[in-house]
Amino acid sequence: MNVMFLDAPYNGKVELCEETLLYLSKFKKVALYASVQFVSLLDRVKEQLEEINVEWVISKASRTSIEGQLLGCNNYGLNLDKEVDCFLYVGDGKFHPLALVYGQKDIVERKEVVVNDPLQKKMFLLSVDDVSGILQKYRASLIKFMSSDTVGVIHTIKPGQEQFKASIPLENKFPNKKFYHFIDNNINFNHLEDFPFIQVWVNTACPRVGLDDQEKFRSGVVNLNDAYLAEKILSASPSIKRKV
């Protein structure tokens, strides 16, 4: 089957609301990003930032077609430890900007994410405090991965998410672990309980599965890239404290 993917840009006006402008006025430099619907319409946003003397920088993530586009599942190439005061995301919803939060989970000097919703014309903030519970569970899953003898590796055959070949060297890196590979088009979390001998799971599909869906993995789950770097992450990552 031939498949064609088309962008669907927003056809309205995209600009920062007064609340966002007031909040950003205390910063000197921001990193600017948007979802695909709004990323080609940021000219007015850039002008507004310059009008309040706020410098903006922008970068291009891998697997995107335009600078500033933010994918909810993949932020590789954005250099989230860059020298900026905060991240500014233009778009609606929390799925995409939370990628900027998750992307800083192993960075000591984390920055908050300022979200400007051009549809609702309002602002809200996101930080590691909003996902502290998930990150605590994720760290526990990394610890469990390091101590487990039997590992289940979840694969999808969906185009753009299939990483079977990339997972094979994991067996060479951890020769004392027994790896079982599970391949399907969709991940059915209910079926995971059919394999009680699996001590921990490695997710090779959308990276957000390993984060947003921690609660659905009773045995714990880590993403493939973090599995390779588990020891380094555990020794260097900052502690996550749940907000009370």
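Rules and cut-offs
Residues numbered from 1 in each chain as written. Predicted model: local features only at pLDDT ≥ 70, side-chain atom pairs only at ≥ 80, totals over all residues. Heavy atoms only, no water. Core = buried A, V, L, I, M, F, W, Y, C linked by side-chain atoms within 4.5 Å. Buried < 20%, exposed > 50% of the residue type's maximum accessible area, 1.4 Å probe, protein only. Contact = heavy atoms within 4.5 Å. Pairing = 2+ DSSP bridges. Helix = DSSP H or I, 4+ residues; strand = E, 2+ residues; numbered from the N terminus. Axes fitted to C-alpha atoms, helices over the stretch in contact; angles between N-to-C directions. Arc of directions from axis to C-beta. Salt bridge = Lys/Arg side-chain N within 4 Å of Asp/Glu carboxyl O.

1. Comments concerning the nonpolar core
Membership of the largest hydrophobic core comes to 33 residues, with the highest contact counts inside it found for Val113, Phe145 and Val202. Contacts of phenylalanine 145, omitting those with residues within four sequence positions, involve Val151, Phe174, Lys177, Val200, Val202, Val222, Ala227 and Ala230. Counting 21 residues, the second-largest nonpolar core is a separate cluster that includes Leu24, Phe27, Val39 and Cys86.

2. Focus: the sheet that holds strand β2 (residues 55-57)
Whether parallel or antiparallel, the strands of a sheet pair through hydrogen bonds between backbone atoms. With mixed pairing, five strands are arranged side by side in an open sheet as β2-β1-β3-β4-β5. Lying at the two open borders of the sheet, with one neighbouring strand each, are β2 and β5 (122-126). Neighbour to neighbour, the strand axes of the sheet diverge by 30 degrees on average, direction disregarded. Taken together, the five bridges between strand β1 (residues 29-34) and strand β3 (residues 86-90) define a ladder with parallel strand orientation. Note that in β3 the partner of valine 30 across the bridge is cysteine 86.

3. Comments concerning unusual backbone geometry
Its identity is not glycine, yet asparagine 53 carries a phi of approximately 60 degrees, on the positive side. Located in the positive-phi region is lysine 121, a residue other than glycine, with phi close to 55 degrees. Locating lysine 121 in the fold gives a position in the loop between β4 (113-117) and β5.

4. A closer look at helix α2 (residues 43-51)
Those residues of α2 that sit buried are Val45, Gln48 and Leu49. Taken end-on, α2 shows its buried residues confined to a sector of 100 degrees, consistent with a single buried face. Facing away from the buried side of α2, by more than 90 degrees, are the exposed residues Asp43 and Glu51. Elements that come into contact with the buried residues of α2 comprise α1 (18-24), β1, β2 and β3. Looking one or two residues past α2, asparagine 53 carries a phi angle of roughly 60 degrees, positive in sign.

5. A short note on the side chain of threonine 150
With respect to the helices, strands and loops of the structure, threonine 150 is situated in strand β6 (residues 150-156). Not counting residues within four places of it along the chain, the set of residues in contact with threonine 150 comprises Lys178, Tyr180, Phe197, Ile198, Gln199 and Val200.

6. A word on helix α3 (residues 95-102)
Within α3, six of the eight residues are buried, leaving the element largely enclosed by the surrounding structure. Among the residues of α3, those classed as buried are Pro97, Leu98, Ala99, Leu100, Val101 and Tyr102. Residues of α3 that are buried sit in contact with β1, β3, β4, β5, α4 (132-147) and α7 (209-212).

7. Describing the sheet that holds β6
Pairing is parallel across the open sheet formed by four strands, whose spatial order is β7-β6-β8-β9. Of all strands in the sheet, those bounded by a partner on one side alone are β7 (178-184) and β9 (221-223). Going from strand to strand, the sheet's axes swing by 25 degrees on average, the running direction of each strand aside. Across the face of the sheet, α4 comes into contact with β6, β8 (200-203) and β9 while running at roughly 95 degrees to β9.

8. Topic: the environment of lysine 122
Topologically, lysine 122 is positioned in strand β5. A residue is classified by how much of its surface remains accessible, and lysine 122, at 42% relative accessible area, is partly exposed. Taking the C-alpha atoms as reference points, lysine 122 and leucine 16, separated by 106 residues in sequence, lie 8.4 Å from one another. Every residue in contact with lysine 122, bar those within four places of it in the chain, is listed here: Cys17, Glu19, Val115, Asn116 and Asp117.

9. Details of the pattern of salt bridges
Within this structure, the stated rule accounts for nine salt bridges. Residue lysine 137 is joined to glutamate 215 by a salt bridge in which the shortest nitrogen-to-oxygen separation is 3.3 Å. One end of the pair, lysine 137, is in helix α4; the other, glutamate 215, is in the loop between α7 and β9, and 78 residues separate them in sequence. Arginine 218 is paired through a salt bridge with glutamate 193; the nearest N and O atoms lie 3.8 Å apart. Here the residue arginine 218 occupies a position in the loop between α7 and β9, and glutamate 193 occupies one in the loop between β7 and β8, the gap between them amounting to 25 residues. Given a relative accessible area of 71%, arginine 218 falls into the exposed group. Glutamate 193 gets classed as partly exposed once you look at its relative accessible area, which sits at 41%.

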